[in-house]
Amino acid sequence: MGETQGTLRIAGIIHEHHGYLSPEIWGGFAIYPNSLRKGFSKVLDSPVTNLIHAGDRILKELQISTQVSNYSKVKSRVLPDIFYSQIRSAFLKYDPKKKTIIYHHMNSFGLPPAWLLKVNQYYNLKLVTSIVDFQEHVLPEFLGVKIYEQRQRNYEITLGLASQFVTASPFLVESANTFLGIDKKLITVAPLGWDHMPELSAIQSRAIDTLVDISKPFFLFPSKAWAHKGHIELISSFEGLGKEMNLVLVGGLDAQKKSLERAIQITGQEESISILGYQNESDLYALMYRAHGLVFPSIYEGFGLPYIEAARLRTPVIAFENESVNHLLGKSGAYLHPQGEFGQLIESLPFSLHDSRREAIINEAFKRTEELTWENTARKTLEMYLAALQ
C-alpha cells in the first residue's frame with residue numbers, strides 16, 4: 001500500500017472529519033467535510049483519489065473513528081500544554097523508515113485531534129490545512145482576547161506547520177498573507193458548492209405551513225446568533241413592518257435565544273418575528289425556497305453558503321456588503337447595503353417584493369453560482385494535494 005512521490009513514500013491522505021457534524025453546533029462548516037468527500041467520489045480521473053481511499057483503509061486498520069473531532073468537545077477550554085507539544089512533535093519528526101500520511105486538517109481554529117498521535121506511531125505526518133476565516137483578526141471586538149490568543153497559539157501548528165493550504169474565498173488568501181505572513185503561492189482557492197441540498201422537487205413538495213404563517217410574505221434569516229451577524233439590530237429595525245410581512249429566524253441559536261426572545265418582546269413583535277431555531281435540512285431549504293427573500297446582515301463571512309443556497313433556490317438575497325457576498329453575487333445578483341445600515345436594509349424588504357429588477361437579480365445570482373459544485377471544490381482541493389506530494 002502506498003505510492004512514491006519525490007523523496008517521500010506516501011501511504012495515503014487522511015481527512016480530519018469523515019462522519020456527520022451537527023449544523024446546530026458547527027454552523028455552515030458542518031456541510032464542508034462530507035460534501036467535499038462526496039465531491040471526491042465524482043473525480044475518477046485523478047490518481048490522488050486512490051490515496052484518499054488508502055487513507056480510509058489505514059484509519060479502519062488502526063480502528064480510528066473520525067466522526068467527532070475533539071475540537072467539538074474542547075472548543076470552550078484551552079487544551080493541556082502536553083497535548084500541544086505532542087501534536088506539534090508529531091508533525092515535526094521524520095523517520096525515513098516510515099511511509100508518510102498527508103493529513104488534511106479542515107478547521108484551522110482548533111488543534112488536530114488526538115487520534116493522530118496513534119497514526120504517528122506507524123507513519124510520518126505531513127500537514128495541509130483548510131483556512132476557514134480570520135474573524136479574530138477582522139472582528140476582535142466580537143470574539144474577545146481569550147479566543148484571539150487561543151487561535152493564535154493553535155495557528156502555530158495548524159498554519160505554521162502546514163506545507164500547503166486551501167481556502168474557499170480569494171480574499172482569505174490576502175488575509176492569510178497580511179495577518180500571518182503565509183506565502184500566497186502556497187494557498188489554493190477552492191470555492192464551496194451548493195449541490196449538498198436535496199433535489200429541488202423534494203424541496204418544493206415539503207410543507208412549511210406548520211412552521212410559519214404563509215398568509216403574508218416572510219423573510220428568512222438562517223444563521224447562528226453570533227454578534228457580527230446582527231440579529232438584535234435586525235429585530236429592532238424590523239419594528240413597523242409586522243403588518244406587511246414576517247421575519248423568521250432559524251439556526252443553532254444556543255444561549256442567545258433568550259436575548260433574541262427578549263428583544264422581540266420588548267418591541268412587541270411576537271406576531272411578526274418567529275424564532276424557529278435549528279431546523280433539519282428538509283425544512284430549512286423548504287423555508288428558504290418559499291421565503292420572499294433571504295435577509296443576511298452579516299458583516300463578515302469566510303465564504304457564505306446561505307448566499308449561494310438562496311441563489312440556487314431563486315430566493316433573492318438582501319444583505320450587507322462584505323467581501324464574500326460581493327465576490328459571490330455582487331450588486332447585480334443581490335440587494336446589497338452598506339454595513340450597519342439596518343434602516344436602509346429593512347426599507348428594501350418591501351421594495352424588493354415589487355422591484356422591477358427582482359427577476360433580473362435572481363437570474364444573475366443563479367447564473368453566477370452555477371459552477372459552484374462540490375465536484376469542482378474537490379478538483380481544486382486535489383490541486384493542493386498534488387502540490388503537497390512534491
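As a reminder, the structure under discussion sits directly above these lines.
Residues numbered from 1 in each chain as written. Predicted model: local features only at pLDDT ≥ 70, side-chain atom pairs only at ≥ 80, totals over all residues. Heavy atoms only, no water.

Colleague: I'd like a description of the pattern of salt bridges, backed by residues and values.
Modeller: The full count for this structure, using the stated rule, is 13 salt bridges. Of the charged contacts, one joins aspartate 81 and arginine 153 as a salt bridge, the two residues approaching to 3.1 Å between their closest N and O atoms. Taken together, the residues span a long stretch of sequence, with aspartate 81 in helix H5 (residues 81-92) and arginine 153 in helix H8 (residues 140-158) at a distance of 72 residues. Residues joined in a network through salt bridges with shared partners are Asp45, Glu375 and Arg379. (Salt bridge = Lys/Arg side-chain N within 4 Å of Asp/Glu carboxyl O. Helix = DSSP H or I, 4+ residues; strand = E, 2+ residues; numbered from the N terminus.)

Colleague: Please set out the pairing of strand E10 (residues 293-296) residue by residue, giving values where relevant.
Modeller: Neither face of E10 is exposed, since Gly293 and Val295 on one face and Leu294 and Phe296 on the opposite face are all buried. Two elements, strand E7 (residues 218-222) and E10, share two bridges in a ladder whose sense is parallel. The residue bridging phenylalanine 219 from the neighbouring strand is glycine 293, located in E10. Pairing of E10 with strand E11 (residues 317-320) involves three bridges; the strand directions are parallel. Bridged to leucine 294 within E11 is valine 317. Handedness of the crossover joining E10 and E11 through helix H14 (residues 305-312): right-handed. (Buried < 20%, exposed > 50% of the residue type's maximum accessible area, 1.4 Å probe, protein only. Pairing = 2+ DSSP bridges. Right-handed = clockwise from strand over helix to strand, strands pointing away.)

Colleague: Mind laying out the nonpolar core, listing which residues take part and the relevant values?
Modeller: Ranked by size, the top nonpolar core spans 87 residues in total, and within it Leu329, Leu349 and Tyr385 carry the most contacts. The contact partners of leucine 349, leaving out residues within four places of it in the chain, are Phe219, Phe238, Leu241, Met245, Val295 and Ile318. Leu59, Tyr84, Leu116 and Val173 belong to the second largest nonpolar core, which has 36 residues in total. (Core = buried A, V, L, I, M, F, W, Y, C linked by side-chain atoms within 4.5 Å. Contact = heavy atoms within 4.5 Å.)

Colleague: Residues and numbers for the packing of aromatic side chains, please.
Modeller: Across all of its chains, the model carries eleven aromatic pairs by this definition. On the numbers, 5.9 Å between centres and 55° between planes, the contact of phenylalanine 29 with tyrosine 32 is tilted. For the pair phenylalanine 29 and tyrosine 32, a shared accessibility class is recorded, and that class is buried. Their ring planes at 25° and their centres at 5.9 Å tell us that phenylalanine 40 and tyrosine 385 sit as a pair that is stacked. Residue phenylalanine 40 is located in helix H2 (residues 31-41), and its partner tyrosine 385 is located in helix H18 (residues 374-389); the two are separated by 345 residues in the primary sequence. (Phe/Tyr/Trp six-rings, centres within 6.5 Å; stacked < 30°, edge-to-face > 60°.)

Colleague: Pulling in residues and values, what's your account of the sheet that holds strand E12 (residues 335-337)?
Modeller: Neighbouring strands of a sheet are bound in pairs by backbone hydrogen bonds; such pairs are parallel or else antiparallel. Read from one edge to the other, the open sheet built from six strands follows the order E9-E8-E7-E10-E11-E12, with strand pairing classed as parallel. Both outer strands of the open sheet, strand E9 (273-277) and E12, are each paired with one neighbouring strand and no more. Neighbour-to-neighbour, the strand axes of the sheet open up by a mean angle of 20°, direction not taken into account. As judged from the five bridges shared by E7 and strand E8 (residues 246-250), these two strands associate in the parallel manner. The residue of E8 that forms the bridge with phenylalanine 221 is leucine 249. Along the sheet face, helix H11 (residues 231-238) touches E7, E8, E9 and E10 and points at about 165° away from the line of E8. On top of the sheet, helix H16 (residues 342-354) reaches E7, E10, E11 and E12; it is set at about 170° to E11, its chief contact. (Axes fitted to C-alpha atoms, helices over the stretch in contact; angles between N-to-C directions.)

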